[in-house]
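So the chains spell out like this:
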Amino acid sequence: MIFKNPLLLYGLLFLIVPIIVHLFQLRRFTKVSFTNVAFLKPLITQTRKSRQLKKWLTLIARMAAIACIVLAFTQPFVPGSDIAIREKETAIYLDNSYSMQSTGSQGELYKMAITDLLERLPNEQNINLFTNDNTYKNVTKKEIANDLLNSGYSAQSLSYEQVQLKANSLLTHKNKRKELIIISDFQKSTSEFPDTINGLKRKLVNLQPQTNINISIDTAFIKSRDTNSIEINVDISSNESITNPVTLSLENNGILVSKTSVDLSSSSGSAIFNYNSEETLNGRTYLDDSGLSFDNELFITNNNQHKIKVLAINDVEGDFLHRIYKNNEFDFTAVRARDLNFNLLKNQNFIILNEVQNISTNLAQELNDYLKNGGSLLVIPSLGQSGYEFINNVQGAQEISENKKRITEINFNHPILKGVFNERVSNFQYPKVNARTNTITALNPILKYEDGSSFLFQKDKVFQFTAPLNDENSNFKNSPLIVPVLYNMARNSLPISQLYYYTGVSNKVSVPVAIKSDEILQLKHTSQSLIPQQRAFNSYVLLEVNDELKHTGNYQVIKKEEVITNLSFNANRIENKLEYFTTAELGDKNIYNSIEDLVYKLSEEEGILSLWKYFVLGALFFLFCELLILKFLK
């Protein structure tokens, strides 16, 4: 027999109390005179023996009751194995990803898990508990009960390999056996479930939802835009075929503006919402669904578009640039190099040097300042150029090569070409050049010649062609590549705010506003307000929003008291894939269907027989015996 609280055995010293009471009679006796007691002597002898027996039995009963009470508080138990004696250290991972919103037999899986944990965990046991976004080290359940009950779901989700590594880092005692309990729905995030780390005993509580039917709003994008209206396409899907049409609604500033039905008989469908392009959209699309709730709404914002400022500095004809940078999206300015006003440079988002013959020292310095302040530059070289080498990240002219070269390779993975082609084209009419200024094998090429050298490459915020684009030297201006290439260069120079962003990931958002050195921009939501990381440039502020956001919704970007623009943040849709690891795929013997089942099996596995209940019953028994002795034994 082993005692959980052996120090309480000192309580057995209280056994001396009934002994003292029985050794010293606390009552005072008085002598009473009687004429003749001779006939009472036999009766006195008999009564004295009976009283002595009664005293000894009462003393024994009281001492036994006190001893049982003390032993019950020490919580004695009989271990079934050596493992039960060895002290253990436990880490519990409680999955609070969005997939745990699924409904189980008693409600949402995550809420049900919290309730069961707080009910089943011993009050004074120290544990290490962590979720996807919080860690509690060496605490009792009383210390974290309020935090857990008030906690919500996390946009971030740890992989099961990360869970094991984190648990191993929390369990630091070398002489204790390490135990990890994973409470999750075990959604498939990888193809295989990881093996257990050596020295870490793993137990899995697999919480399964009652239904796997879920309807999700997947994405939204602008399908078309004209002078007066914008069409927004919203895609929704279901993991099973839905017979009845699903109603999808659109709110703007909390007011319902449109409703439409979507047919999901083929498990996917889309809806189109049309609204006035002159209005600012601060919206929310939503539907009703009994499955996961986080993907039943999608917040979207579309602010009045700020035109991207493009400046072309020409020494040759530049009409092709006018045709690409049209007035509805760009504020395009073209000047001759000799007529350039340097004050124009700092307010531009994108500058094009179109075959400028000579770059003066002053112009190079102004362009370097412009690049330093976040600007983007495109260099179309001239065969007779000079001074280009004084511009940061620009390659000056080398020996001019007059060998004709075809442009045959496209870097489809480059950011300015991503999504341009429906499929990777391998046989198209190759553009060509007659002469080039450089033979460069760049680290970040966009287009390449047939010999593998670069025709167009990027270095930091500078894009550079290695050959002039005039008609005498190249037919690239007639190629279908020129429009998406130059268009996306300018578009990417100022990261225009999207319809929405995802929480839990890194987002870079450009806000077209100028601020002073002592001013900051703030993100504000009805339930959260924060100041994100930000960098101020001449014509815009770049916000870096990482994992600070705890709530989805529409946020206001505020400068002092003024609302500059609106941004929408939504939960990543990866959590709505209701695919789970099977028992066979988990490949673990220690799998339980509930926390209650886990606690029961742990006691059974370690073979612990708790004896404190029996000692409590023993104390009651001896107190009852004392009452019988005092009442019936004369």
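Predicted, not measured: the structure shown is a model, and the values here were computed from it.

## Section: the overall build of the protein chain
Along the backbone of the protein chain there are 12 helices and 35 strands. Taken over the C-alpha atoms alone, the protein chain extends approximately 155 × 55 × 55 Å along its principal axes. For the protein chain, the residues scored as buried account for 45% of the 634 residues in total. Here the analysis covers contacts within the protein chain between residues at least 6 apart in sequence; of these, 69% occur between residues at least 24 apart. Surface exposure of the protein chain reaches about 34,500 Å², of which carbon and sulfur atoms provide 51%. In the protein chain, 65 side chains carry a positive charge and 65 a negative one; their mean positions are 16 Å apart.

## A few points about the pairing of strand β27 (residues 507–511)
Within β27, 4 of the 5 residues are buried, which leaves it mostly tucked inside the rest of the structure. Pairing between β27 and strand β31 (residues 541–545): 5 bridges, direction antiparallel. Paired with valine 509 across the strands is leucine 543, a residue of β31.

## Focus: the pattern of salt bridges
For the structure shown, the criterion picks out 14 salt bridges. For the salt bridge of glutamate 585 with lysine 188, the shortest nitrogen-to-oxygen distance reads 3.0 Å. Here glutamate 585, found in helix α10 (residues 583–586), pairs with lysine 188, found in the loop between β8 (177–184) and β9 (200–206); they are 397 residues apart in sequence, far enough to count as distant. Linking arginine 406 and glutamate 450 is a salt bridge whose minimum nitrogen-to-oxygen distance equals 3.5 Å. Placement of the pair is arginine 406 in strand β21 (residues 405–410) and glutamate 450 in the loop between β23 (445–449) and β24 (454–459), with a sequence separation of 44 residues. Among the residues examined, arginine 406 registers a relative accessible area of 39% and is labelled partly exposed.

## Quick notes on the packing of aromatic side chains
Tallied over the entire structure, the rule returns 22 aromatic pairs. Measuring from ring centre to ring centre gives 5.5 Å for phenylalanine 193 and phenylalanine 581, while their planes differ by 70 degrees; the resulting arrangement is edge-to-face. Within this pair, whereas phenylalanine 193 is found in the loop between β8 and β9, its partner phenylalanine 581 is found in the loop between β33 (562–570) and α10, the two being separated by 388 residues in sequence. Seen in terms of ring centroids, phenylalanine 537 and tyrosine 540 are 5.0 Å apart; in terms of plane orientation they differ by 35 degrees. Their pairing is tilted. For the residue pair phenylalanine 537 and tyrosine 540, the accessibility class agrees, reading buried in each case. Each member of the aromatic cluster is reached from another via a ring pair, and the members are Tyr325, Phe330, Phe332, Phe350 and Tyr487.

## Examining the side chain of aspartate 295
Inspection of the secondary structure puts aspartate 295 in the loop between β15 (281–286) and β16 (297–302). Within the structure, the side chain of aspartate 295 is placed 2.8 Å from the side chain of asparagine 214, a separation counted as a polar contact. Those residues in contact with aspartate 295 that lie beyond four places of it in its chain are Asn214, Ile215, Ser216, Ile217, Arg573 and Asn576.

## Observations regarding the nonpolar core
Side chains of nonpolar character tend, in soluble globular proteins, to be buried together. Tyr325, Phe455 and Leu486 are the most contacted members of the largest nonpolar core, which has 39 residues in total. When residues of this core are assigned to their parent elements, the largest contribution, 5 residues, is made by helix α9 (residues 482–493). Excluding residues that lie within four positions of it along the chain, phenylalanine 455 makes contacts with Ile407, Val433, Leu447, Lys448, Tyr449, Gln464, Phe465, Thr466, Ala467, Leu469 and Phe476. The next biggest cluster of nonpolar side chains, apart from the first, holds 32 residues, and it includes Met112, Ala113, Leu121 and Leu578.

## As for the sheet that holds strand β19 (residues 350–354)
Sheet architecture is open: 9 strands sit in the order β18-β17-β19-β20-β25-β24-β23-β21-β22, paired in mixed fashion. Of all strands in the sheet, those bounded by a partner on one side alone are β18 (330–336) and β22 (432–433). Those strands touched by helix α8 (residues 361–372) are β19, β20 (376–380) and β25 (462–465), and its axis lies near 145 degrees from that of β19. Each of β17 (308–314), β18, β19, β20, β24 and β25 touches α9; the most contacted strand, β17, lies at about 125 degrees to it.

## Concerning unusual backbone geometry
Positive phi outside glycine occurs at glutamine 75, with the angle close to 50 degrees. Here glutamine 75 is to be found in the loop between α2 (41–73) and β2 (76–78). By relative accessible area, which is 34% here, glutamine 75 ends up partly exposed. Backbone geometry at asparagine 138 places phi at a positive 55 degrees, although glycine is not the residue there. The residue asparagine 138 is located in strand β7 (residues 135–139) in this model.

## Side note on the side chain of asparagine 566
Mapped onto the fold, asparagine 566 is located in strand β33. Apart from residues lying up to four places away in sequence, asparagine 566 is in contact with Thr280, Asn282, Thr301, Asn303, Tyr555 and Gln556.

## Comments concerning the sheet that holds strand β28 (residues 521–524)
Taken together, 5 strands build an open sheet; the order of strands is β26-β33-β32-β28-β29 and the sheet is mixed. Each edge of the sheet is formed by a strand with only one pairing partner; in this case those strands are β26 (501–502) and β29 (529–530). Strand direction decides the pairing type here: strand β32 (residues 553–559) and β33, joined by 7 bridges, are antiparallel. Counted as the bridge partner of glycine 553 is phenylalanine 569 from β33.

## A closer look at helix α12 (residues 612–632)
When the terminal C-alpha atoms of α12 are compared, their 30 Å separation across 21 residues agrees well with the 30 Å that a helix rising 1.5 Å per residue should span. For α12, the set of buried residues is Phe615, Gly618, Ala619, Glu626 and Ile629. Looking down the long axis of α12, one finds its buried residues gathered within 100 degrees of arc, a one-sided arrangement. For α12, the exposed residues lying more than 90 degrees away from the buried face are Lys613, Tyr614, Leu617, Leu620, Leu627, Lys631 and Phe632.

Conventions we followed
Residues numbered from 1 in each chain as written. Predicted model: local features only at pLDDT ≥ 70, side-chain atom pairs only at ≥ 80, totals over all residues. Heavy atoms only, no water. Helix = DSSP H or I, 4+ residues; strand = E, 2+ residues; numbered from the N terminus. Buried < 20%, exposed > 50% of the residue type's maximum accessible area, 1.4 Å probe, protein only. Contact = heavy atoms within 4.5 Å. Areas by Shrake-Rupley, 256 points an atom, 1.4 Å probe, with all protein chains shown as cover. Lys, Arg positive; Asp, Glu negative; His and termini not counted. Charge placed at Lys NZ, Arg CZ, Asp CG, Glu CD. Pairing = 2+ DSSP bridges. Salt bridge = Lys/Arg side-chain N within 4 Å of Asp/Glu carboxyl O. Phe/Tyr/Trp six-rings, centres within 6.5 Å; stacked < 30°, edge-to-face > 60°. Polar contact = N/O pair within 3.5 Å; in protein donor to acceptor, adjacent residues only side chain to side chain. Core = buried A, V, L, I, M, F, W, Y, C linked by side-chain atoms within 4.5 Å. Axes fitted to C-alpha atoms, helices over the stretch in contact; angles between N-to-C directions. Expected span 1.5 Å × (residues − 1). Arc of directions from axis to C-beta.

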